[in-house]
Amino acid sequence: MNQIKIFSPATVANVSCGFDVLGFCLDSVGDEMIIKKTSQKGINISRIEGYELPFEAENNVAGVSALALYNDANPDFGFDIEIYKKIKPGSGIGSSSASAAGSVFAINELLGKPYNKTQLTNFAMKGEALASLCEHADNLAPALFGGFTLVKSLSPLQILELPTPKNLFAVVIHPQIEIKTSEARAILPQDVSLKKAITQWSNVGSFVHALHTENYKLLSESLIDVIVEPHRSKLIPHFEDVKQTAINHGALGCGISGSGPSIFSLCEGKESAKKVHDAIQNIYSQTTIDFEIYTSKINTEGIKIL
Ligand code: HSE
């Protein structure tokens, strides 16, 4: 195989209670990438469509993660990358991670799969760090593994694959404003009270248990973030309105997707997701802010070869 085309999905990180550790993978929105082997050594980015991003591999998220893998594998040929970007940078649905995970996934396929998914996540974290100024894997892991994932530790990198309840759907609204992950991280307090920490780790534990037992009621009760959301929600216009409306229309929970501005809701069943989708859409339709809204199954496969 000398060429591969892939779909690299958007992802929702944090999932309310699991800041920097929980994430899940979306199905209906993502980037496409074409990667080819070249006789010339190194990583070359020949085409970027959708958004303006740097072409120099060492300044591009997909390029940096590709270089990390390439320098480790040291093949006697190179790779050319074409990026068809559909996920707006700074959207909160893993735009940088789709690029970073996509390039290492595709190159690994073209090399005959010498690396496992955890190793690929490690390479991709180098690219993710370029965008958010810190290494984190809560978007990368669901993009590469699919479904729900929990980053148990970064050093050594340990990723746990969690089960996906069959009837779970996500609604994600993406207001077309940009929030830089680095800035959304900078406003967070470095210390939390013991009381809040207890609430948060109780919710993360319950959430994981709810996934394992397909307990939608417990899942709903666990989708609460007392540490990060109170700070970041101020950056997102109409966040409280959207959240309250989603819950009132039957969502299991609603929170900030990654570092925002996207807002996700989890719903039991397609019908429920449709009601939540329409109600949220109605809120943003009354504002002057452009937005996109997606309803998606949870993508249990992750990156797909097209
Ligand atoms: N966990 C990261 C954060 C995800 O919230 O800063 C960024 O998409």
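Residues numbered from 1 in each chain as written. Predicted model: local features only at pLDDT ≥ 70, side-chain atom pairs only at ≥ 80, totals over all residues. Heavy atoms only, no water.

Q: How should I be thinking about the overall build of the chain in this particular structure?
A: Per the secondary structure count, the chain includes 10 helices and 11 strands. Compactness check: the chain gives a C-alpha radius of gyration of 19 Å against a globular reference of 19 Å for 306 residues, within 12% of the reference. Seen along its three principal axes, the alpha-carbon backbone of the chain occupies a region of about 60 × 40 × 35 Å. Counting over 306 residues, the chain shows a buried share of 57%. Long-range contacts, defined here as pairs at least 24 residues apart, represent 74% of the contacts in the chain between residues at least 6 apart. (Helix = DSSP H or I, 4+ residues; strand = E, 2+ residues; numbered from the N terminus. Rg over C-alpha atoms; globule rule 2.2 N^0.38 Å. Buried < 20%, exposed > 50% of the residue type's maximum accessible area, 1.4 Å probe, protein only. Contact = heavy atoms within 4.5 Å.)

Q: How should the packing of helix α2 (residues 95-110) against helix α3 (residues 117-132) be read in this particular structure?
A: The relative placement of two packed helices comes down to the angle between their axes together with the axis-to-axis distance. Orientation of α2 relative to α3, taken along the N-to-C sense of each, is 145°, at an axis distance of 8 Å. Judged by the twist between their axes, the crossing of α2 over α3 is right-handed. In this structure, α2 contributes Ser 96, Ser 97, Ala 100, Ala 101, Val 104, Phe 105 and Asn 108 to the contact, and α3 contributes Leu 120, Phe 123, Ala 124, Gly 127, Glu 128 and Ala 131. The class makeup of the residues in the contact of α2 with α3 is eight nonpolar, four polar and one charged. (Axes fitted to C-alpha atoms, helices over the stretch in contact; angles between N-to-C directions. Left-handed = near helix turned anticlockwise from the far one by under 90°. Nonpolar A, V, L, I, M, F, W, Y, C, P; charged D, E, K, R; others polar.)

Q: Whenever I open this one, the domain arrangement of the chain confuses me. Can you help?
A: The assigned domain composition of the chain is domain 1 (3-162) and domain 2 (168-297). Its C-alpha centre places domain 1 at a distance of 24 Å from the equivalent point of domain 2. Contacts between the two partners involve 30 residues from domain 1 and, on the opposite side, 40 residues from domain 2. Buried area between domain 1 and domain 2, summed over both chains or domains, comes out near 2,600 Å², and the portion from carbon and sulfur atoms is 65%. Among the residues of domain 1 in contact with domain 2, Ser 16, Cys 17 and Phe 19 are the three that bury the most area, contributing 24% of the side total. Joining domain 1 to domain 2, the criterion identifies one salt bridge. A salt bridge links Asp 20 to Arg 185; the shortest N-O distance between them is 2.7 Å. Linking domain 1 with domain 2 are 10 residue pairs in polar contact (both at pLDDT 80 or more). Secondary-structure elements contributing two or more residues to the side of domain 1 that touches domain 2 are β1 (3-13), β2 (22-38) and β5 (148-154). It is β2 that provides the largest number of residues to the side of domain 1 that touches domain 2, a total of seven residues. (Domains from an automatic or database assignment. Buried area = accessible area lost by both parts, 1.4 Å probe. Salt bridge = Lys/Arg side-chain N within 4 Å of Asp/Glu carboxyl O. Polar contact = N/O pair within 3.5 Å; in protein donor to acceptor, adjacent residues only side chain to side chain.)

Q: Can you help me understand the sheet that holds strand β7 (residues 168-175) in this one?
A: Hydrogen bonds between backbone atoms are what pair the strands of a sheet, whose relative direction is either parallel or antiparallel. Strand order in the open sheet formed by four strands is β8-β9-β7-β10, and the pairing between neighbours is antiparallel. For this open sheet the edge positions go to β8 (253-256) and β10 (291-297), each flanked by a neighbour on one side alone. Direction aside, neighbouring strands of the sheet carry axes that sit 20° apart on average. Where β8 meets strand β9 (residues 263-268), four bridges bridge the pair, whose relative direction is antiparallel. The partner of Cys 254 across the bridge, within β9, is Ser 265. (Pairing = 2+ DSSP bridges.)

Q: Which parts of the structure should I look at to understand the layout of surface pockets?
A: A probe matching the size of a water molecule, rolled over the atoms, marks out where space remains unfilled. Taken as a whole, the largest pocket spans an internal volume of roughly 640 Å³. Every residue lining the largest pocket is counted, 38 residues in all, and those nearest its centre are Gly 90, Ser 96, Ala 131, Ser 132 and Thr 181. Elements that contribute at least two residues to the lining of the largest pocket include exactly α1 (61-73), α2, α3 and α5 (181-186). Each residue belonging to the lining of the largest pocket can be placed in one class, and the counts come to 13 nonpolar, 17 polar and eight charged. Looking at the lining of the largest pocket, you find at least three residues from each of domain 1 (3-162) and domain 2 (168-297). Around the second largest pocket sit 15 residues that line it, and Phe 19, Pro 189, Val 192, Ile 227 and Val 228 are the ones nearest its centre. Here the lining of the second largest pocket is composed, by residue class, of 11 nonpolar, three polar and one charged. (1 Å grid on protein atoms, 1.4 Å probe; cavity = no way out; pocket = protein on both sides within 12 Å on 5 of 7 lines; lining within 4 Å. Points joined across faces, edges and corners; volume = space filled by probe spheres on them.)

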